[in-house]
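Secondary and tertiary structure notes
The chain contents come next:
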Amino acid sequence: MIEFITGALCLGVAITMVFTARLLSRISKLEEQVQDLKTSIIDVCRDVNMVERTLSNQIDTVDQTHTRVEDELKQIITGSMKSSNKRLLKG
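Just so it is clear, the structure is predicted and the values come from calculations on it, not from any experiment. (Residues numbered from 1 in each chain as written. Predicted model: local features only at pLDDT ≥ 70, side-chain atom pairs only at ≥ 80, totals over all residues. Heavy atoms only, no water.)

A separate point is the pattern of salt bridges. Overall, the coordinates contain two salt bridges when judged by the stated rule. Salt-bridge contacts for Arg46 lead to Asp43; the nearest nitrogen and oxygen are separated by 3.1 Å. With a gap of three residues between them, Arg46 and Asp43 both fall in helix α1 (residues 2-90), about one helical turn apart. The class of Arg46 is partly exposed, set by a relative accessible area of 47%. Residue Asp43 is classed as partly exposed on the basis of its relative accessible area of 30%. Across the pair Asp47 and Arg46 runs a salt bridge, and its minimum N-O distance is 3.8 Å. Its relative accessible area of 35% is what places Asp47 among the partly exposed residues. Among the ionic contacts, a cluster of salt bridges with common partners joins Asp43, Arg46 and Asp47. (Salt bridge = Lys/Arg side-chain N within 4 Å of Asp/Glu carboxyl O. Helix = DSSP H or I, 4+ residues; strand = E, 2+ residues; numbered from the N terminus. Buried < 20%, exposed > 50% of the residue type's maximum accessible area, 1.4 Å probe, protein only.)

Pasting the structure below:
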């Protein structure tokens, strides 16, 4: 009877060890996946920052171009008005 109990306990310990080993293996794989996700998140954040800087630079360029075009249009309109006034005065 003692041999049976001892055998059952040994079998129980062996099964527990197998389950523990499998769980530890799964935990290790999950830790690797978490680390990969962290690395991916860092990469995505870096890419988002790069895109944000690029868009900001492009917006600045568009703003500068818009201001320059507005200034040129004002000069053209002012020049046209001066020419028109000169023609009216001559006429």
